[in-house]
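The chain contents come next:
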Amino acid sequence: MALIVQKYGGTSMGSPERIKNVARRVAKWKAQGHQVVVVVSAMSGETNRLIALAKEIQDYPDPRELDVIMSTGEQVTIGLLSMALNEIGVPAKSYCGWQVRVTTDSSHTKARIQSIDDAAMRADLGAGRVVVVAGFQGIDENGSITTLGRGGSDTSAVAMAAALGADECQIYTDVDGVYTTDPRVVPEARRLKTITFEEMIEMASLGSKVLQIRSVEFAGKYKVRLRVLSSFEDEGEGTLITFEEDENMEKAVVAGIAFDRNEARINVKGVPDKPGIAYQILGPIADANIEVDMIIQNVGENGTTDFSFTVPRGEFQRTLAILRDVQTHIGAGKIDADDKVAKVSIVGVGMRSHCGIASTMFRTLAEEGINIQMISTSEIKVSVLIDEKYLELAVRVLHKVFGLDQVQA
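Only a predicted model underlies this, so the values are computations on that prediction, with no experimental measurement involved.

### Digging into helix H1 (residues 16-31)
Part 1: With 16 residues, H1 ought to run about 22 Å at 1.5 Å a step, and its terminal C-alpha atoms sit 22 Å apart, in line with that.
Part 2: Looking at the packing, one finds that the buried side of H1 touches strand S1 (3-8), strand S2 (35-40), helix H4 (72-87), strand S6 (130-134), strand S9 (168-173) and strand S11 (226-230).
Part 3: At the C-terminal side of H1, Gly33 shows a positive phi close to 95°.

### A closer look at the environment of Ala119
Part 1: When you line up the elements, Ala119 lands in helix H6 (residues 119-126).
Part 2: Take Ala119: its relative accessible area is 47%, and that puts it in the partly exposed class.
Part 3: Note: C-alpha distance between Ala119 and Ser144 (25 residues apart in sequence) is 21 Å.

### With respect to the environment of Val271
Part 1: When you line up the elements, Val271 lands in strand S13 (residues 256-272).
Part 2: You can call Val271 buried: its relative accessible area is 0%.
Part 3: Between the alpha carbons of Val271 and Asp306 there is a distance of 5.9 Å; along the sequence they are 35 residues apart.
Part 4: For Val271, the contacting residues outside a window of four places in its chain are Ile277, Ile281, Gly303, Thr304, Thr305, Phe307, Ile330 and Ala332.

### Here we look at the environment of Gly10
Part 1: In this fold, Gly10 is placed in the loop between S1 and H1.
Part 2: Here Gly10 falls in the buried class, since its relative accessible area comes to 17%.
Part 3: Considered as a pair, Gly10 and Asp174 are 164 residues apart in the sequence and their alpha carbons are 9.6 Å apart.
Part 4: With residues near it in sequence (within four places) discarded, Gly10 still touches Ser41, Ala42, Met43 and Ser44.

### Details of the UniProt feature "domain: ACT" (unreviewed entry) in the protein
Part 1: The UniProt feature table records "domain: ACT" (unreviewed entry) at residues 266-340 and 346-409.
Part 2: Taken end to end, residues 266-340 is 35% helix and 32% strand, and its two terminal C-alpha atoms sit 11 Å from one another.

### Notes on unusual backbone geometry
In terms of backbone geometry, most residues other than glycine have negative phi values and most peptide bonds are trans.
Part 1: Even without being glycine, Thr109 reaches a positive phi, approximately 75°.
Part 2: By the element assignment, Thr109 lies in the loop between strand S4 (102-104) and strand S5 (113-116).
Part 3: A residue is classified by how much of its surface remains accessible, and Thr109, at 25% relative accessible area, is partly exposed.
Part 4: A positive phi angle, close to 75°, is found at Phe136, a residue other than glycine.
Part 5: Here Phe136 falls in the buried class, since its relative accessible area comes to 7%.

### Thoughts on the sheet that holds S13
Part 1: Pairing in this open sheet of 6 strands is antiparallel, and the strands run S14-S15-S13-S16-S18-S17 from one edge to the other. Among the strands making up the open sheet, the edge pair consists of strand S14 (295-297) and strand S17 (374-378). For this sheet the average axis-to-axis angle between neighbouring strands, irrespective of direction, equals 25°.
Part 2: Each of S13, strand S15 (304-311) and strand S16 (335-347) is contacted by helix H11 (residues 316-330), which is oriented at about 25° to S13, the strand it contacts most.

Rules and cut-offs
- Along each chain, numbering runs from 1 in the same order as the chain's sequence is written.
- A pLDDT threshold of at least 70 governs which residues receive local features in this predicted model, and a stricter bar of 80 or more applies before side-chain atom pairs are shown or counted, although totals over entire chains, interfaces and linings include all residues.
- With hydrogens and water stripped out, all remaining heavy atoms of the structure feed into the side-chain values.
- Starting at the N terminus, helices and strands are each numbered in turn, a helix being any DSSP run of H or I of at least four residues and a strand any DSSP run of E of at least two.
- Expected helix span is given by 1.5 Å per residue-to-residue step, counting one fewer step than there are residues.
- Whether two residues are in contact is decided by their heavy atoms: any pair within 4.5 Å suffices.
- Note on classification: 1.4 Å probe, protein chains only; a residue is buried when its accessible area is under 20% of the maximum for its type, exposed when over 50%, partly exposed between these limits.
- UniProt positions are given in the numbering used here, feature names are shortened, and annotations may be inferred rather than shown by experiment.
- We call two strands paired when DSSP finds no fewer than two bridges between them.
- Interaxial angles span 0 to 180 degrees and are taken between N-to-C directions of axes, which are lines fitted to C-alpha atoms, for helices over the stretch in contact.

Printed below as a string of structure tokens:
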């Protein structure tokens, strides 16, 4: 007998019939003798509907009250799923985040979990019940309802698994695992049997949308065994996200290719080459809560240098507006900017022990006439910024050259 935490997303909970399908799936695990905790999201589209409703009242909804509104979506699905389980003879009990006492900080709409009181859940599990918990939500020390941000139900599930010492946390989604890249771009993309936490964190941060990055970080920190499975297929092992590098890891130099179209590049030319200049440029951008990704500062010449970086495309115009003030203040030259760029990344723990991976990537892109605008590296990834129109071509040729279309041994 194992203790399993399962998470079902909005698509899986999108209709009464789909909720009944989830109940039947949970019932199979219960029939095998397992203890089961289920974490669910709101029905697909429901959170967006609630946000839109709030914006009809306030252009910029009060964050505390917005959390009160958004948290109701999951309250509906936990009740429906518990009813569906009881209807087929599986005892179940639902809990909102504040009833389980998922304690968070007070950062409304993007709160972080601090602790979970597992007493009520353990009592119900001991009594033979399935416990159904609302994902995405908690409560702060002031008693205010909080939400965890987009994809927060993944984090809720991993946190429940950590608090309960679960044998496995299963994330059910609309894909049957983690793929070498997006199959919509590369039809030959393969489902990975296993991937390390390090690789998954890089993939999530670089554009892969299978799991919310915070949930992977949480799982890695608390050593939660994590598996991604399809909520629409009864069979299949999905992808196990693991701590161990298996015996084939030496062969799998590159585990996958991630990409992100949500990029904009900014190059500030003629910047005075002196200490503190990077802070003078990026400080005001950070103060505006704009995330900066790739950064390059060239070697100074004649007392000036060029300073380049990327920001999310949605923050492009706001960043330029901030920089116009900075430009005058520091005496910089022209600002060159482009919001039609994309980032492509190769990821793999095997890169640690293999040389020439980056040069293979650069040569392959050069052979296709794809110019690299910026480069960023870590121990297990290489990212390049390219013209957006070459994105899909770049992903396809890199997927092939690194043998990601070959079936794993």
